[in-house]
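# Analysis of the macromolecular model
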Amino acid sequence: MIINTKKYIEEFLKIKTKDSEIIPFKLNKPQLKLYDLLKRQSEAGKPQRVIILKARQMGFSTLTEAILFKRTATKANVNSGIIAHKDDATTNLFNMSKLFLEELPEQLKPKTKASNAKEIIFDDRDGNGLRSKVKCMTAGGDGIGRSDTFQNLHLSEVSSWTHAKEILDGLLQAVPNKPNTLIIIESTAKGYDYFKELWDKACDGENDFEPLFCAWWELDEYRLPCGELELTEEEQELKALYNLDNEQIAWRRWCIRNNCGNDVNTFKQEYPSCPEEAFLASGECIFDKDIIVSQIGFHIFF
Ligand SMILES: Nc1ncnc2c1ncn2[C@@H]1O[C@H](COP(=O)(O)OP(=O)(O)O)[C@@H](O)[C@H]1O
Ligand SMILES: [Mg+2]
């Protein structure tokens, strides 16, 4: 039986929300954007390759884990790898997959073999099951991914990986260049690093990853109820440029004050409105930001 991925996810998978509630997984707008892009690549018969530059907490890891889970739990001989920047992030991503399995209707649960590592093996003791697995690893661990072949890879928060180039050089060889394979690289920006190099190459068509940018205001929940607001000049420009409402501006103010140490440049990096802003906001840029902004002809507010 072939099951449409979105239908499988929305009918059978559950997630834990930011308020620790377990709810059925209904895709939000940023997730639909990624889903549609992957669907297009798949329908074109291409290997699925996406690099995502994003604001924080949009739901990209959750959707990627769900897609990997569906592909692994419904097909034989599939290896999926999930790599995060540090152990607690790896555990967090692994817990999403564990929850998908726990909450899956009994009749859809494949046989699983117990495992001590951070992996779910869909198989039975005699090796007569699916022989598929989801394996979670931390970037920087010894020989990560070197002994495996993966059909699906999720590389999470790549800007926070130390030795990102060496690790990626090893991992990307582990995925065959075949239509039914998937690699998703996602990160928030952290200045001029290897993730930015990959992003720029994707934008210039110098690699086969399709770039996907997602601004903070694309997530409906980044809003705060508010009364009348007196907007600053910068806020008025933002509002006009991206067609924002006052509740979004109120949320931006709250987030800058409370989550970004009152530093608007931190907000621009963690919650960018456009790719240029995401990378330029970081203090590591060695060029004059105003000159760069005027050269690329994009108005950015400092
Ligand atoms: N469609 C959704 N509906 C409600 N909550 C969601 C949805 N997708 C993700 N979340 C929640 O949002 C939080 C951030 O998701 P995550 O996938 O880690 O985001 P990202 O990888 O973009 O930073 C998680 O707590 C997750 O459970
Ligand atoms: Mg993530």
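As the structure is a prediction and not an experimental result, all values here were calculated from the model.

Turning our eyes to something else, we now look at the packing of aromatic side chains. For the coordinates displayed, the defined rule picks out 13 aromatic pairs. For the ring pair Phe267 and Tyr271, a centre distance of 5.3 Å and an interplane angle of 20° mean the geometry is stacked. Across this residue pair, the class does not change: Phe267 and Tyr271 are buried. Among the aromatic residues, those joined into a cluster by ring pairs are Trp216, Tyr222, Trp251, Trp254, Phe267 and Tyr271. Residue placement shows Lys196 over the ring face of Phe279; its charged tip is 4.9 Å from the ring centre.

Here we have eight strands laid out as an open sheet, ordered 5-6-7-4-8-9-3-10, and mixed in their pairing. Where the open sheet ends on each side, the last strands, each with one partner, are strand 5 (112-113) and strand 10 (210-214). In this structure, strand 6 (residues 119-122) lies alongside strand 7 (residues 132-138), joined through four bridges in antiparallel fashion. Paired with Phe122 across the two strands is Ser132, which belongs to strand 7. Across the sheet, helix 3 (residues 60-73) touches strand 3 (48-54), strand 4 (79-84), strand 6, strand 7, strand 8 (152-156), strand 9 (182-187) and strand 10, and the angle it forms with strand 8 is around 160°.

What follows concerns unusual backbone geometry. Here the phi dihedral of Asn77 falls at roughly 60°; this positive angle occurs in a residue that is not glycine. Mapped onto the elements of the fold, Asn77 is located in the loop between helix 3 and strand 4. Its identity is not glycine, yet His163 carries a phi of approximately 60°, on the positive side. Mapped onto the elements of the fold, His163 is located in the loop between strand 8 and helix 5 (164-172). Residue classification places His163 among the exposed residues on the basis of a relative accessible area of 56%.

Time to look at the side chain of Ser97. Note that Ser97 resides in helix 4 (residues 87-103). Once residues lying within four places of it in the same chain are set aside, the contact partners of Ser97 are Glu65, Phe69, Ile82, Ile120 and Val134.

Another aspect to go through is the site of ligand 1. Taken together, 15 residues form the shell around ligand 1, and within it Lys16, Lys26, Gln31, Ser61 and Thr62 come nearest. Contact distances for ligand 1 include 2.8 Å between a nitrogen atom and a backbone N or O atom of Lys26. Contact with the protein chains covers 84% of the free accessible surface of ligand 1, which is 570 Å². Residue assignment for the shell around ligand 1 shows that the elements contributing at least two residues are strand 1 (14-16) and helix 3. Here the shell around ligand 1 gets three residues from one element, more than from any other, and that element is helix 3. Each residue belonging to the shell around ligand 1 can be placed in one class, and the counts come to four nonpolar, seven polar and four charged.

Where charged atoms of side chains with opposite charge meet at close range, the side chains can pair. Inspection of the entire model under this criterion finds 21 salt bridges. Its salt-bridge partner being Glu157, residue Lys54 comes within 3.6 Å of it at the nearest N-O pair. Placement of the pair is Lys54 in strand 3 and Glu157 in the loop between strand 8 and helix 5, with a sequence separation of 103 residues. The pair Lys54 / Glu157 is uniform in exposure class, with both members buried. Of the charged contacts, one joins Asp148 and Lys133 as a salt bridge, the two residues approaching to 3.6 Å between their closest N and O atoms. Taken as a pair, Asp148 in the loop between strand 7 and strand 8 and Lys133 in strand 7 lie far apart in primary sequence, 15 residues in all.

Residues at a pLDDT of 70 or more form 91% of the chain, whose mean pLDDT is 92. Here residues 297-302 is modelled with pLDDT under 50, and outside its nearest four sequence neighbours on either side it reaches 21 contacts, counting other chains as well.

Moving on, we get to the nonpolar core. Formed by 54 residues in total, the largest nonpolar core has its most connected members in Leu34, Phe69 and Tyr271. Ranked by residue count, the leading element in this core is helix 3, at seven residues. With near-sequence residues (within four places) excluded, Leu34 lies in contact with Val50, Ile52, Phe60, Leu63, Thr64, Ile184 and Leu212. Formed by 30 residues, the second largest nonpolar core is a distinct cluster that contains Ile144, Val158, Leu171 and Phe279.

You can read the domains of the chain as domain 1 (5-214) and domain 2 (225-296). Its C-alpha centre places domain 1 at a distance of 29 Å from the equivalent point of domain 2. The largest per-residue losses of area from domain 1 upon contact with domain 2 belong to Arg56, Tyr192 and Phe213, which jointly make up 45% of the total buried on that side. Seen at the junction of domain 1 and domain 2, the total is one salt bridge.

Procedures and definitions
Residues numbered from 1 in each chain as written. Chains lettered and ligands numbered in written order. Predicted model: local features only at pLDDT ≥ 70, side-chain atom pairs only at ≥ 80, totals over all residues. Heavy atoms only, no water. Phe/Tyr/Trp six-rings, centres within 6.5 Å; stacked < 30°, edge-to-face > 60°. Buried < 20%, exposed > 50% of the residue type's maximum accessible area, 1.4 Å probe, protein only. Lys NZ or Arg CZ within 6 Å of the ring centre and 35° of its normal. Pairing = 2+ DSSP bridges. Helix = DSSP H or I, 4+ residues; strand = E, 2+ residues; numbered from the N terminus. Contact = heavy atoms within 4.5 Å. Axes fitted to C-alpha atoms, helices over the stretch in contact; angles between N-to-C directions. Near = heavy atom within 4 Å. Polar contact = N/O pair within 3.5 Å; in protein donor to acceptor, adjacent residues only side chain to side chain. Areas by Shrake-Rupley, 256 points an atom, 1.4 Å probe, with all protein chains shown as cover. Nonpolar A, V, L, I, M, F, W, Y, C, P; charged D, E, K, R; others polar. Salt bridge = Lys/Arg side-chain N within 4 Å of Asp/Glu carboxyl O. pLDDT = per-residue confidence, 0-100. Core = buried A, V, L, I, M, F, W, Y, C linked by side-chain atoms within 4.5 Å. Domains from an automatic or database assignment. Buried area = accessible area lost by both parts, 1.4 Å probe.

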